[in-house]
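Below are the chains, spelled out letter by letter.
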Amino acid sequence: MDNNDNHGEFYITTPIYYVNGVPHIGTAYTTIVADTLARWRAAQGESVVFSTGVDENAQKTVDAAAKTGEEPHAYVDRMADIWTSAWQKMGISYTDFIRTTEERHIETVNDFWGRMDAAGDLYKGTYQGLYCKGHEAFMKEEELVDGLCPEHKTEPELVTEENYFFRLSDYQQKLLDFYETHQDFVAPAHRFQEVKSFVEQRLEDISFSREKKEWGIPVPNDPHQVIYVWADALVNYISVVGIERWEEHPADMHAVGKDILRFHAVIWPAMLMSAGLPLPGQIIANGFLTVNGTKISKSLGNAIDPLDLVARYGNDAVRYFLLREVPYGEDGDFSEAKMKERYNADLANGLGNFTARVLTIAEKTSVPDGKLDDEFATTIRAMQKTVTAKMGQLKFGDALAAIWTAITFGDRYVNEKKIWEIKDKDELAKVLFNLISLLEAVSRELVPFMPETARALAAAVVHKDGSIIVKKPGILFPRVK
Ligand code: MSP
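Residues numbered from 1 in each chain as written. Predicted model: local features only at pLDDT ≥ 70, side-chain atom pairs only at ≥ 80, totals over all residues. Heavy atoms only, no water.

Here's the deal with the overall build of the protein chain
- When its secondary structure is counted, the protein chain shows 17 helices and 19 strands.
- Computed over the C-alpha atoms, the radius of gyration of the protein chain is 25 Å, within 12% of the 23 Å expected from 2.2 N^0.38 for a compact globule of 481 residues.
- Within the protein chain, the fraction of its 481 residues that count as buried is 55%.
- Nonlocal contacts in the protein chain, meaning residues at least 24 apart in sequence, comprise 77% of its contacts between residues at least 6 apart.
- Each charge sign in the protein chain was given a centre, from 52 positive and 72 negative side chains, and these centres are 8 Å apart. (Helix = DSSP H or I, 4+ residues; strand = E, 2+ residues; numbered from the N terminus. Rg over C-alpha atoms; globule rule 2.2 N^0.38 Å. Buried < 20%, exposed > 50% of the residue type's maximum accessible area, 1.4 Å probe, protein only. Contact = heavy atoms within 4.5 Å. Lys, Arg positive; Asp, Glu negative; His and termini not counted. Charge placed at Lys NZ, Arg CZ, Asp CG, Glu CD.)

Overview of the site of the ligand
- With respect to spatial proximity, 24 residues lie near the ligand, and among them Ile 16, Thr 30, Asp 55, Asp 259 and Leu 289 are the closest.
- Between the ligand and Gly 26, the relevant distance is 3.2 Å, taken from a nitrogen atom to a main-chain nitrogen or oxygen of the residue.
- In this structure, Thr 30 approaches the ligand through a side-chain N or O atom, which is 2.7 Å from an oxygen atom.
- Here the ligand, which alone exposes 670 Å², has 95% of that area covered by the protein. (Near = heavy atom within 4 Å. Polar contact = N/O pair within 3.5 Å; in protein donor to acceptor, adjacent residues only side chain to side chain. Areas by Shrake-Rupley, 256 points an atom, 1.4 Å probe, with all protein chains shown as cover.)

Side note on the packing of helix α13 (residues 336-363) against helix α16 (residues 425-446)
- Where α13 contacts α16, the axes come no closer than 10 Å and their chain directions differ by 140°. Accordingly, the angle class assigned to the pair α13 and α16 is oblique. Between α13 and α16 the crossing geometry is left-handed. Two secondary-structure elements touch here, α13 through Leu 351, Phe 354, Thr 355, Val 358, Leu 359, Ile 361 and Ala 362 and α16 through Leu 428, Leu 432, Leu 435, Ile 436, Leu 438, Leu 439, Val 442 and Leu 446.
- Looking at the contact of α13 with α16, its residues break down into 14 nonpolar, one polar and no charged. (Axes fitted to C-alpha atoms, helices over the stretch in contact; angles between N-to-C directions. Parallel < 35°, antiparallel > 145°, perpendicular 65-115°, else oblique. Left-handed = near helix turned anticlockwise from the far one by under 90°. Nonpolar A, V, L, I, M, F, W, Y, C, P; charged D, E, K, R; others polar.)

Points about helix α3 (residues 72-89)
- Under the 1.5 Å per step criterion, the end-to-end length of α3 is 26 Å for 18 residues, consistent within 8% with the ideal 26 Å.
- Turning to α3, its buried residues are Tyr 75, Val 76, Met 79, Ala 80, Trp 83, Thr 84, Ala 86 and Trp 87. For α3, the buried positions fall inside an angular range of 160° around the axis, keeping them on one side. Exposed residues on α3 whose side chains face more than 90 degrees from its buried face are Asp 81, Gln 88 and Lys 89.
- Immediately downstream of α3, the backbone of Gly 91 shows phi near 70°, a positive value. (Expected span 1.5 Å × (residues − 1). Arc of directions from axis to C-beta.)

What to know about the packing of helix α6 (residues 189-201) against helix α10 (residues 261-275)
- Across the interface, α6 lies against α10 with an axial gap of 11 Å and an inter-helix angle of 55°. For the element pair α6 / α10, the angle class is oblique. As for how α6 packs across α10, the hand of that crossing is right-handed. Between α6, through Arg 191, Val 195, Phe 198 and Val 199, and α10, the contact on the second element is made entirely by Leu 261, Arg 262, Ala 265 and Val 266.
- Each residue belonging to the contact of α6 with α10 can be placed in one class, and the counts come to six nonpolar, no polar and two charged.

Focus on the side chain of Ser 335
- Take Ser 335: it is sitting in the loop between β16 (332-334) and α13.
- Taking relative accessible area as the criterion, Ser 335 reaches 8% and is therefore assigned buried.
- A polar side-chain atom of Ser 335 sits 3.1 Å from the main-chain amide nitrogen of Lys 338.
- The residues contacting Ser 335, other than those within four sequence positions of it, are Asn 292 and Phe 321.

A few points about the packing of aromatic side chains
- Per the stated rule, a full pass over the model turns up 28 aromatic pairs.
- An angle of 90° between the planes, with centres 4.9 Å apart, marks the rings of Phe 178 and Phe 185 as edge-to-face. Take Phe 178 and Phe 185: they sit in the same class, and that class is buried.
- Members of the aromatic cluster, connected to one another through ring pairs, are Tyr 11, Phe 112, Tyr 237, Trp 246 and Trp 268. (Phe/Tyr/Trp six-rings, centres within 6.5 Å; stacked < 30°, edge-to-face > 60°.)

Notes on the sheet that holds β16
- Read across the sheet, three strands follow the order β15-β14-β16 without closing on themselves; strand pairing throughout is mixed. The two strands at the open ends of the sheet, each matched to only one other strand, are β15 (294-295) and β16.
- Pairing between strand β14 (residues 289-291) and β16: three bridges, direction parallel. Within the sheet, the bridge partner assigned to Val 291 lies in β16 and is Phe 334. (Pairing = 2+ DSSP bridges.)

Quick notes on the confidence of the model for the protein chain
- With 97% of its residues at a pLDDT of at least 70, the protein chain reaches an overall mean of 95.
- Ignoring residues within four places in sequence, the model shows residues 1-5, a span with pLDDT below 50, making 18 contacts including any to other chains. (pLDDT = per-residue confidence, 0-100.)

Some thoughts on unusual backbone geometry
- Of note, the bond from Ala 187 into Pro 188 is cis; its omega dihedral lies within 30 degrees of zero at -5°.
- With respect to the helices and strands, Pro 188 occurs in the loop between β7 (186-187) and α6.
- Notably, Glu 136 is not glycine yet its phi reads approximately 50°, a positive angle.
- Topologically, Glu 136 is positioned in the loop between β4 (122-132) and β5 (137-139).
- Even without a glycine there, the phi angle at Lys 153 is positive, about 55°.
- Tracing the backbone through its elements, the reader meets Lys 153 in the loop between β5 and β6 (157-166).

Some points on the pairing of strand β2 (residues 47-55)
- Burial analysis of β2 places seven of its nine residues in the buried class, which makes it a mostly covered element.
- Across eight bridges, the pairing between strand β1 (residues 9-18) and β2 is parallel. Looking across to β2, one finds that Phe 10 is bridged to Val 48.
- On the question of chirality, the crossover connecting β1 to the parallel β2 by way of helix α1 (residues 25-43) is right-handed.
- With four bridges joining them, β2 and strand β3 (residues 96-99) adopt parallel strand pairing. Across the sheet, the residue bridging to Thr 52 is Phe 97, located in β3. (Right-handed = clockwise from strand over helix to strand, strands pointing away.)

This is the structure:
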């Protein structure tokens, strides 16, 4: 899937989120996807570096701080805590959290800038353009609607200033050649097609600094300029591991949203080429979530609080819903009605009920380790094969569906055998051995998707001296109304 030879190591990242907002279901989705892939690789025995963090050097940080009356440094400290604590509550297994005001990042950005400069790719020029702070990017006249940014509903600021430019135009052919030889560089494939078409048209040089700003990383040797926030933010992926480590082992995967794919699949690779550094293995881009059919945005104020959701349904249920319901790469809709429906059908009735039926009887029965019936062995193998194949294609919903096929198979077996009526001890032990083994296999497959449930199931079944000791867990998924 990834293009680097990794010696059992896997480095995956999320975007670093702007600190002028708090986590919402959209940012949580990107993070959950990355977390699932990180856990999946770890379960394959790889040693995983999984980084996330916050993007603090944007100009809109200063505005947001002014609004709350805080000094910008105090503001970013407080907001960074909000992000780390949200991910912790949601059980995100990140191994590193990067903040762009950290010294290790500033040093790396300085080093990186120096490399691009040494390559002759930075030059000074005059720029005039319409800057949208919401995007932290210049916009084209034709992108505006009634003079306003259609996404942020604000009027971009007309900026005329001396800036450093990055010779992005020089990288058009190099990027196209790279794409040609790295067929999986962007996934899903239709997004890669969009990137290629964009680069095939024409690449313009891009302004890489802003004049006379008090917030941001100063351009080395030119304190009147600060580095453009994207030129700074993208480098975070290197700051996490350090330049030397990146040279040996760049990120295997950047998980991003479709809105920032160009920054990751066009500008970032060109920057890395300029700096003489290796490129990441793959950029994967998720689509956008809406809530009850409307766009999520901080400014529009309909952002769903993921912490409120997990408090009511649990982390695993929220993960399950998003991964099962939204085909990766496509836009999806979050509605609580749909979430409830899936929760009750697949979790409370499906997995929860199956587990309870099997373990209630198993707890009271002595079950020796035995031999699986063929149909169980076949079902388990088919599930494992499908999950592996689907994970390689980022088809999380299909992977989960394969696990649920196995659960349904087990449930049907419980009914057919009427396990609550079996009187013969050997027969009951044999039937339960099949079912417990299936449940164990299911729980192993659930590790990346529903880690808390997988842990509870694993703890419920212990093998000791040739027999199986079961302690039924509490109700995994209480029904919701
Ligand atoms: N700071 C930049 C990223 C720099 S990475 C070097 C940024 N931050 S952001 O806070 O706006 O978060 C952007 C990411 O959050 C999106 O790319 C996407 O991954 C995720 N999402 C934001 N809104 C989303 C939805 N409505 N739906 C799905 N994902 C969303 O851009």
